[in-house]
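Chain and residue survey
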Amino acid sequence: YSGDDKTELAVFPGDGDGDRLGAALAGLPDLNGDGTPEFAIGIPFNDTGSPFPTFDSGSVRVYSGATRTLMFTLNGSSAGEELGASITALGDTNLD
């Protein structure tokens, strides 16, 4: 919601009940060069894979800070992994 007029700015739907979308949030540096920082949303109980889901493998979705559109998703690879239960930005780890 906007801090100015309380209008809704964006909605980030989950894939299913109990996925815990938003269990972890992290501000990220500008990844796409548009001058605006991005953000990540953790979904630790997301079931990934199709047609045979990997239960509670979890996901992390990275969104554009400027447009709030999905840039990419990282998915856990094994049942119970709960990727996205905790996330943080590490910054420039390779000094480029």
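Quick caveat, the model's predicted, so the values are computed rather than measured.

The next thing to look at is the sheet that holds strand S4 (residues 70-75). On the basis of which strands lie adjacent, the open sheet formed by four strands has the order S1-S2-S3-S4 and antiparallel pairing. Looking at which strands have only one partner, the edges of the open sheet turn out to be strand S1 (25-27) and S4. The average undirected angle you get between the axes of adjacent strands in this sheet is 20 degrees. Bridge count between strand S2 (residues 39-43) and strand S3 (residues 59-63): five bridges; the pairing is antiparallel. Of the residues in S3, the one forming a bridge with Gly-42 is Val-60.

Within the structure shown, the criterion is met by one salt bridge. Residues Asp-15 and Arg-61 are paired through a salt bridge, measuring 2.8 Å at the closest nitrogen-oxygen approach. In this pair, Asp-15 sits in the segment before S1 while Arg-61 sits in strand S3, placing the two residues 46 residues apart along the sequence. Judged by its relative accessible area of 55%, Asp-15 falls in the exposed class.

Cut-offs used in this document
- Residues numbered from 1 in each chain as written.
- Predicted model: local features only at pLDDT ≥ 70, side-chain atom pairs only at ≥ 80, totals over all residues.
- Heavy atoms only, no water.
- Pairing = 2+ DSSP bridges.
- Helix = DSSP H or I, 4+ residues; strand = E, 2+ residues; numbered from the N terminus.
- Axes fitted to C-alpha atoms, helices over the stretch in contact; angles between N-to-C directions.
- Salt bridge = Lys/Arg side-chain N within 4 Å of Asp/Glu carboxyl O.
- Buried < 20%, exposed > 50% of the residue type's maximum accessible area, 1.4 Å probe, protein only.

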